[in-house]
Amino acid sequence: MSAYQTLERRFARLAAINDALGILHWDTETLMPPGAADGRAEQLATLKVLSHELLTDDDNADLLADAEHERELSNWQEANLHEMRRAYLHATAVPGDLVEASSRAISRCEMVWREARPAGDFAMLLPSLSEVLNLQRQIAAAKAEALGCSLYEALLDSYEPGGNTDHIDKVFGDLRAFLPGFIGEVLERQKSRPDILPLQGPFPIETQRALGVRMMQAAGFDFNKGRLDISLHPFCGGATHDVRLTTRYDEDDFTKALMGVMHETGHALYEQNRPADWLGQPVSEARGMSLHESQSLIIEMQACRSRAFLEFAAPVMRDSFGGTGPAWEAANLHRMYTKVDPGFIRVDADEVTYPAHILIRYDLEKALIEGDMTLADLPGAWNEGMRDLLGLKVTTDRLGCLQDIHWPGGAWGYFPTYTLGAITAAQLFDAATRADDNVLPGLGRGDFFPLVNWLRTNIHSQGSLLPADQLLTKATGRPLDASVYERHLRRRYLEEA
């Protein structure tokens with residue numbers, strides 16, 4: 001057996017362990033009884049140790065080196081070997097005692113954050129968050145040496161393989177110059193729109209679920225290899241052949257849960273349509289979080305909030321809940337789903353103002369990791385960013401720098417992928433509609449096949465065969481371009497409003 005074949009067998013075992021972890025994590029968030037928490041923690045920890053030991057085995061270094069010299073590897077095998085090497089470098093770069101110290105610090109910091117956030121008390125969080133940041137910078141330094149990149153890029157690479165801050169800075173710079181003026185234009189334009197008519201509930205949860213399932217099926221979700229459940233925080237997870245997604249319901253407002261379901265369906269379609277011949281190998285995995293987020297946003301934002309889709313969906317929604325009157329017309333639903341209202345909380349933000357929240361966080365976390373800013377200065381810098389980009393005055397850190405768990409939870413370098421994903425989604429949707437004239441008419445009939453088939457061909461089935469920038473250029477004819485996203489926003493919020 002060749003070195004490469006041995007590596008394939010090892011990584012197939014890793015994939016099986018990670019699939020088991022995925023199902024256990026899903027169960028933890030959905031069905032697990034509270035009394036099983038301690039046992040579940042032990043199960044998860046044991047599987048994670050087994051996975052890490054298998055990945056960092058001393059033999060892997062020699063196997064990777066030997067595989068490099070093997071002849072006649074296909075392009076898929078070459079890409080798979082590249083992804084194996086990347087996973088090995090990430091796993092072996094950081095000493096075990098540093099990983100353990102970081103894990104313990106994160107656990108402590110998350111507990112403090114749960115008290116500090118409702119109290120709006122950043123000073124309470126500062127000591128424990130400082131410890132997390134210090135350890136994250138040490139991890140970044142270790143990975144940066146192994147990967148040959150900057151501190152911030154070393155952390156970014158875990159979420160966005162090959163992510164380059166110079167490129168992100170340029171793309172985000174264009175967006176930063178565009179957003180404040182555009183938001184003002186949209187708010188002024190909205191003043192001339194008819195008032196949004198409220199939908200009268202209650203909206204039974206079972207009816208909401210049935211509507212969500214119908215829309216998931218229309219989008220192409222395979223319920224033979226997945227399911228929909230309820231959790232406190234919506235997510236998409238599970239295993240390779242068993243994609244689990246969740247949502248949460250509000251009987252007074254079905255519109256948020258429905259779009260939440262479609263958002264997670266976008267993630268799920270990516271997982272269900274990965275390259276079948278390479279499942280269980282790293283090259284079959286999704287090509288980073290920006291592309292993954294683009295798949296959720298292309299379904300939720302680009303497709304399901306479009307006029308075309310809402311013309312189809314309006315009577316379906318009305319009939320599901322027995323609604324009557326003009327509030328249930330597509331035009332009113334479109335106004336409801338495209339309302340822009342600058343606010344303090346990222347997770348509640350609309351499509352137009354959401355990127356501003358990410359631009360602020362990206363600048364701040366990069367400065368903190370690179371040592372260009374002290375953590376004590378975070379609240380003031382945060383509040384200044386909110387004022388400059390959204391014109392809002394933050395009066396309490398509960399509405400400011402304490403609102404997200406990402407930094408206390410050790411997820412440094414993750415934030416830019418949200419808006420990179422939104423830009424990517426607009427670019428992919430633009431390319432799909434230019435490539436197939438049936439995409440928009442199809443959405444108007446509740447037929448997602450033309451769109452999803454294009455995504456399956458150009459994104460889902462490609463796995464990690466190519467770097468993200470090459471994959472996007474191949475699919476759309478250009479690298480990531482914020483102007484396409486800006487054009488989408490202008491069309492939807494000024495021309496179609």
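For the structure itself, look to the data block above.
Residues numbered from 1 in each chain as written. Predicted model: local features only at pLDDT ≥ 70, side-chain atom pairs only at ≥ 80, totals over all residues. Heavy atoms only, no water.

Engineer: What is the right way to read the layout of surface pockets from this model?
Structural biologist: Considered as a void within the structure, the second largest pocket measures approximately 640 Å³ in volume. Pro-161, Gly-162, Gly-163, Pro-467 and Ala-468 are the residues nearest the centre of the second largest pocket, which is lined by 29 residues in total. Among the elements of the structure, α4 (75-93), α8 (165-190), α11 (289-304), α16 (416-435) and α19 (468-476) are those that each provide at least two residues to the lining of the second largest pocket. Residues of the lining of the second largest pocket, tallied by class, amount to 14 nonpolar, eight polar and seven charged. (1 Å grid on protein atoms, 1.4 Å probe; cavity = no way out; pocket = protein on both sides within 12 Å on 5 of 7 lines; lining within 4 Å. Points joined across faces, edges and corners; volume = space filled by probe spheres on them. Helix = DSSP H or I, 4+ residues; strand = E, 2+ residues; numbered from the N terminus. Nonpolar A, V, L, I, M, F, W, Y, C, P; charged D, E, K, R; others polar.)

Engineer: Just to check I follow, could you spell out the nonpolar core for this structure?
Structural biologist: Generally speaking, a soluble globular protein has its nonpolar side chains buried in company with each other. Residues Met-317 and Phe-448 are the most contacted members of the largest nonpolar core, which totals 128 residues. The next biggest cluster of nonpolar side chains, apart from the first, holds 20 residues, and it includes Ala-3, Leu-14, Leu-63 and Ala-67. (Core = buried A, V, L, I, M, F, W, Y, C linked by side-chain atoms within 4.5 Å. Buried < 20%, exposed > 50% of the residue type's maximum accessible area, 1.4 Å probe, protein only.)

Engineer: Please explain the sheet that holds strand β2 (residues 236-239) as it appears in this structure.
Structural biologist: To summarise the sheet geometry, strands pair through backbone hydrogen bonds and adopt either a parallel or an antiparallel arrangement. The three strands are arranged β1-β3-β2 in an open sheet whose pairing can be described as mixed. Two strands bound the open sheet, and with one partner strand each, they are β1 (226-230) and β2. For this sheet, the mean inter-axis angle between neighbouring strands, taken without regard to orientation, is 25°. Here β1 pairs with strand β3 (residues 242-247) via five bridges, running parallel. Note on β3: the bridge partner recorded for Arg-227 is Arg-244. (Pairing = 2+ DSSP bridges. Axes fitted to C-alpha atoms, helices over the stretch in contact; angles between N-to-C directions.)

Engineer: Would you take a moment to explain the packing of aromatic side chains for this structure?
Structural biologist: The tally for this structure, following the rule as stated, stands at 20 aromatic pairs. Residues Phe-203 and Phe-254 carry aromatic rings whose centres are separated by 5.0 Å and whose planes lie at 70° to one another, so their mutual orientation is edge-to-face. Taken as a pair, Phe-203 in the loop between α8 and α9 (205-219) and Phe-254 in helix α10 (residues 254-272) lie far apart in primary sequence, 51 residues in all. Judged on exposure class, the residue Phe-203 and its partner Phe-254 are both buried. Aromatic pair Phe-309 and Phe-312: ring centres 5.9 Å apart, planes at 55°, arrangement tilted. With Phe-309 and Phe-312 both in helix α12 (residues 307-321), this residue pair falls three residues apart, about one helical turn. According to the relative accessible area criterion, Phe-309 is buried, its value standing at 2%. Aromatic rings pair up to connect Tyr-159, Tyr-354, Trp-382, Trp-407, Trp-412, Tyr-414, Phe-415 and Tyr-418 into one cluster. Taking the ring centre of Trp-26 as reference, the NZ or CZ of Arg-244 above it sits at 4.2 Å. (Phe/Tyr/Trp six-rings, centres within 6.5 Å; stacked < 30°, edge-to-face > 60°. Lys NZ or Arg CZ within 6 Å of the ring centre and 35° of its normal.)

Engineer: Would you take a moment to explain the packing of helix α3 (residues 59-68) against α4 for this structure?
Structural biologist: When two helices pack together, their arrangement is given by the angle between the helix axes and the distance between those axes. Contact pair α3 / α4: the axes reach a minimum separation of 11 Å and the direction vectors enclose 150°. In terms of their interaxial angle, α3 and α4 are classed as roughly antiparallel. In this structure, α3 crosses over α4, and the sense of that crossing is left-handed. Residues Asn-60, Ala-61, Leu-64, Ala-67 and Glu-68 of α3 lie in contact with α4, whose contacting residues are Leu-81, Met-84, Arg-85 and Tyr-88. Its residues placed into classes, the contact of α3 with α4 shows six nonpolar, one polar and two charged. (Parallel < 35°, antiparallel > 145°, perpendicular 65-115°, else oblique. Left-handed = near helix turned anticlockwise from the far one by under 90°. Contact = heavy atoms within 4.5 Å.)

Engineer: How should the side chain of Lys-366 be read in this particular structure?
Structural biologist: One can find Lys-366 in helix α14 (residues 354-370). According to the relative accessible area criterion, Lys-366 is buried, its value standing at 18%.

Engineer: What exactly am I supposed to notice about the side chain of Glu-264 here?
Structural biologist: With respect to the secondary-structure elements, Glu-264 resides in helix α10. Buried charge without a partner: Glu-264 forms no salt bridge, and the closest opposite charge is Arg-248, 9.3 Å away. Residues contacting Glu-264, with those up to four places away along its chain left out, are Pro-234, Phe-235, Cys-236, Leu-245 and Thr-246. (Lys, Arg positive; Asp, Glu negative; His and termini not counted. Salt bridge = Lys/Arg side-chain N within 4 Å of Asp/Glu carboxyl O.)

Engineer: Just checking my understanding: could you explain helix α5 (residues 96-119) for this structure?
Structural biologist: Helical periodicity: at 3.6 residues per turn, an α-helix aligns residues three or four positions apart in one direction. Helix length check: α5 (24 residues) gives 35 Å between terminal C-alpha atoms against 34 Å at 1.5 Å per residue, within 8%. Its axis deflected by about 30° at Trp-113, α5 carries its strongest bend there. Those residues of α5 that sit buried are Leu-98, Ser-102, Ala-105, Ile-106, Cys-109, Trp-113 and Ala-116. (Expected span 1.5 Å × (residues − 1). Bend = angle between axes of the 7 residues up to and from the residue.)

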